[in-house]
Amino acid sequence: MLQSLALSLLRPPASPVPAAVRCVSSSGSVKITVPLNFWAGERRTSPVKYNKENVYEPATGRVLCQLEPCGSTEVHKAVEAAKTAFDHWSRMSGMERARIMIQAAHIIEALAAPLTLKNELKQKPRVLVDLGCHCLLICGFIAQRRREEIAEMEVIDNGKSITEARLDVDSARLCIEFYAGLASTLAGQHVQLPGGSFAYTRREPLGVCAGIGAWNYPFQIAAWKSAPALACGNSMVFKPSPVTPVTAVMLAEVYAEAGAPEGLFNVVQGGQETGGLLCRHPDVAKVSFTGSVPTGKKIMEMASEGVKPVTLELGGKSPLLIFEDADMENAVRGALMANFLSQGQVCSNGTRVFVHKEILPKFVEEVVKRTRAIEIGDPLQESTRMGALVSRPHLEKVLSFVDQAKQEGATVLCGGEPFVPADPQLRGGYYMTPCVLADCTDEMTCVKEEIFGPVMSVLSFESEDEALQRANDTTMGLAAGVFTRDVTRAHRVVERLKAGSCFINNYNITPVEVPFGGFKTSGIGRENGQVTVEHYSQLKTVFVEMGDVDSLF
Ligand SMILES: NC(=O)C1=CN([C@@H]2O[C@H](COP(=O)(O)OP(=O)(O)OC[C@H]3O[C@@H](n4cnc5c(N)ncnc54)[C@H](O)[C@@H]3O)[C@@H](O)[C@H]2O)C=CC1
């Protein structure tokens, strides 16, 4: 899926969707006034009147909405709703749960017709023209697919390009489909014991799971956490990042529309206080978190008070090794994919690009040429390949990393500057030009710390052993990549890389069928793939005596 994105990042789409059929075709026109909390089947306002915070549209810097953080009363209500749903949901068969989850996946793909259109359709249901994958012209109305509606809101909330946001929504849908498929396969073991006795194991859900999300993939994270949780029979209370509160509630509506019991997937808004209330709630059985390493440690500490299992999807400072025999075109594409998706705000990014000395000049020339060509601007425009960073403070933090890199001796080959679009509407947005740093050394801050922005550090190496030793010299271990045509070397190198997700001759593809997660301080547990079922369920062993009790007393 992301392979096609790799290509589309390099050239504008062949046949863009005409702007006229999109619901929102440029940034700056949406204001959100609907409540963003959701429990017991409905959107809810939080009565907490203090502590309201402005949420900004990254593309324009406008206030998009006000965040209403949930306090202990609201968190408790959401957990109570999730408990009620759990009683019902956990007793349904896997097939029954799967049916609802598949329906949720269909809804994400289906038409989301405006109310007026729904009324019109009742009278004369007639499809006139199919305008492509996003919209249908029905009885003179333009009906948008739910996928497009969610993707647009994600762009408005997060600042990433519409092209990427659509892929995020697809990944969310695929994840729900994948775990729907696994729901009916959950099973235990039968063990024969002496005297005809036996034991069996049951794979049971944990209960109410808490999900705490980051701002870089708001909708996708909500799906990646809820899909395996629900498939295993759990319910969930999800807290999005306060920076991007808008789309998790859309997922809650999708599940509700699909027929999920009230309270199965709930959304509470807020920051660290609300997150803490969730982690410590006595009726929360597990916490699944995506975010920074320092917060991950706090989550683990809070969860440990209740001896609750955690899944931690944390940061990285991942290496990408490009050997002298690599296919240059693919290596360059891989390096761009490893650094510039989502304005560089991706946990698995391969920001330490180790390039063999022999090919360094050619590689750098090509990477810089293509980085300069990346179209920055309104993330809702089809041709945009880099939108806005998530917030003003974050943009400033990323730019300060570039300044520090210069002071420490790195050379800026391109980018690293604030970018002001020509459109006056976008002048307050949080844009910067993607940056390639050369002459980097392992001690520099830009090479050691997670920048979480569009900043690639290029380093040179001479031998395989040296590259591996330097690549592994970090406390983190989320991802790593290697580009080489030598198949033996590829596997040898990957075996020695200390990272949870390794890529050979590609980077940053995340099919939902395969596990994703980190080594070392990059996390605990996995998301996606079959193994994640183990992180959202527990084994019960049942011993069955067929004879008399052999008592010692
Ligand atoms: N690995 C990844 O995928 C991500 C890494 N980051 C890194 O983290 C840095 C800071 O970004 P933030 O959004 O502030 O990340 P963060 O780790 O502070 O926050 C992530 C989530 O945890 C919640 N949270 C924060 N403190 C909490 C606490 N004490 N108890 C419970 N929940 C808590 C937040 O409200 C948010 O929903 C970024 O600059 C970036 O370097 C950010 C987002 C994703």
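Residues numbered from 1 in each chain as written. Predicted model: local features only at pLDDT ≥ 70, side-chain atom pairs only at ≥ 80, totals over all residues.

Where we set the bar: UniProt positions are given in the numbering used here, feature names are shortened, and annotations may be inferred rather than shown by experiment.
As recorded by an unreviewed UniProt entry, the protein chain carries the name Aldehyde dehydrogenase family 9 member A1-B and is attributed to Takifugu flavidus. Listed under Sequence similarities (unreviewed entry) in UniProt, the entry text for the protein chain is "Belongs to the aldehyde dehydrogenase family."

## Overview of the nonpolar core
Formally: A set of buried Ala, Val, Leu, Ile, Met, Phe, Trp, Tyr and Cys residues, joined to one another through C-beta atoms within 7 Å, is what we call a nonpolar core. Counting other C-beta atoms within 10 Å of its own, a residue is labelled buried from 20 upward, exposed at 12 or fewer, and partly exposed in the gap between, with every C-beta atom placed from the backbone. A run of H or I in DSSP becomes a helix once it reaches four residues, and a run of E becomes a strand once it reaches two; helices and strands are each numbered from the N terminus. Where each domain begins and ends is defined by an automated method or by a domain database. Contact between residues is assigned whenever the C-beta positions, reconstructed from backbone atoms, fall within 7 Å.
Residues Met-101, Ile-176, Val-237, Leu-251, Ile-322, Phe-354 and Leu-437 are the most contacted members of the largest nonpolar core, which totals 153 residues. Residue contributions to this core peak at 10 residues, all from helix α6 (residues 162–183). Residues from two domains meet in this core; each of domain 1 (37–114 + 134–314) and domain 2 (319–522) gives at least three. Once you skip the residues sitting within four places of it in the chain, Ile-322 turns out to touch Ala-331, Val-353, Phe-354, Val-355, His-356, Phe-363 and Phe-483.

## Examining the domain arrangement of the protein chain
Heads up, the condition is: Each residue is assigned to one class: nonpolar for Ala, Val, Leu, Ile, Met, Phe, Trp, Tyr, Cys and Pro, charged for Asp, Glu, Lys and Arg, and polar for all the others, Gly among them.
The domains assigned to the protein chain are domain 1 (37–114 + 134–314) and domain 2 (319–522). Once you take the C-alpha centre of each, domain 1 and domain 2 turn out to be 29 Å apart. Counting from both sides, the interface comprises 24 residues of domain 1 and, opposite them, 30 residues of domain 2. Put simply, the parts of the chain that give the side of domain 1 that touches domain 2 at least two residues each are α5 (146–158) and α6. It is α6 that provides the largest number of residues to the side of domain 1 that touches domain 2, a total of six residues. Of the residues belonging to the side of domain 1 that touches domain 2, the class tally is 12 nonpolar, seven polar and five charged.

## Focus on the sheet that holds strand β23 (residues 501–504)
Note on sheets: strands pair through backbone hydrogen bonds, and any given pair is parallel or antiparallel. Short version of the rule: When DSSP finds two or more bridges between a pair of strands, those strands are recorded as paired. Angles shown run from 0 to 180 degrees and are taken between the N-to-C directions of axes, each axis being a line fitted to C-alpha atoms and, for helices, limited to the stretch in contact.
Read across the open sheet, the seven strands follow the order β18-β19-β20-β17-β16-β22-β23; overall the sheet is mixed. Two strands bound the open sheet, and with one partner strand each, they are β18 (411–414) and β23. Neighbour-to-neighbour, the strand axes of this sheet turn through a mean angle of 20 degrees, independent of strand direction. Across the face of the sheet, helix α13 (residues 392–407) comes into contact with β18, β19 (435–438) and β20 (455–461) while running at roughly 30 degrees to β20.

## Remarks on the packing of helix α3 (residues 94–109) against helix α8 (residues 248–257)
Inclusion rule: The labels follow the angle: roughly parallel below 35 degrees, roughly antiparallel above 145, roughly perpendicular from 65 to 115, and oblique for the rest. With the far helix as reference, a near helix turned anticlockwise by less than a right angle produces a left-handed crossing, and one turned clockwise produces a right-handed crossing.
One way to put it is that α3 packs onto α8 with a least axis distance of 8 Å and a crossing angle of 120 degrees. As judged from the angle between their axes, α3 and α8 are oblique. As α3 packs across α8, the resulting crossing turns out to be right-handed. Here Ala-104, Ile-107 and Ile-108 of α3 come into contact with α8, specifically with Val-254, Tyr-255 and Glu-257. Looking at the contact of α3 with α8 residue by residue, the class counts come to five nonpolar, no polar and one charged.

## So, the sheet that holds strand β9 (residues 190–192)
Ordered by their spatial adjacency, three strands build an open sheet running β9-β10-β26, and the pairing between neighbours is antiparallel. In this open sheet, the two edge strands, each paired with only one partner strand, are β9 and β26 (537–544). Averaged over all pairs of adjacent strands, the angle between their axes in this sheet comes to 20 degrees, without regard to strand direction. In terms of strand pairing, strand β10 (residues 198–205) meets β26 through eight bridges, oriented antiparallel. Each bridged residue has a counterpart across the sheet, and for Pro-205 the counterpart in β26 is Ser-537.

## Some details on the site of the ligand
Selection criterion: For each residue, a C-beta atom is placed from the backbone, and the residue counts as near a molecule or strand when that atom lies within 6 Å of it.
Taken together, the neighbourhood of the ligand is formed by 25 residues, with Ala-214, Gly-275, Gly-291, Ser-292 and Cys-347 sitting nearest. Where the shell around the ligand is concerned, the elements lending two or more residues are α9 (272–280) and α10 (293–305). Partitioned by chemical class, the residues of the shell around the ligand number nine nonpolar, 13 polar and three charged. Each of domain 1 (37–114 + 134–314) and domain 2 (319–522) contributes no fewer than three residues to the shell around the ligand.

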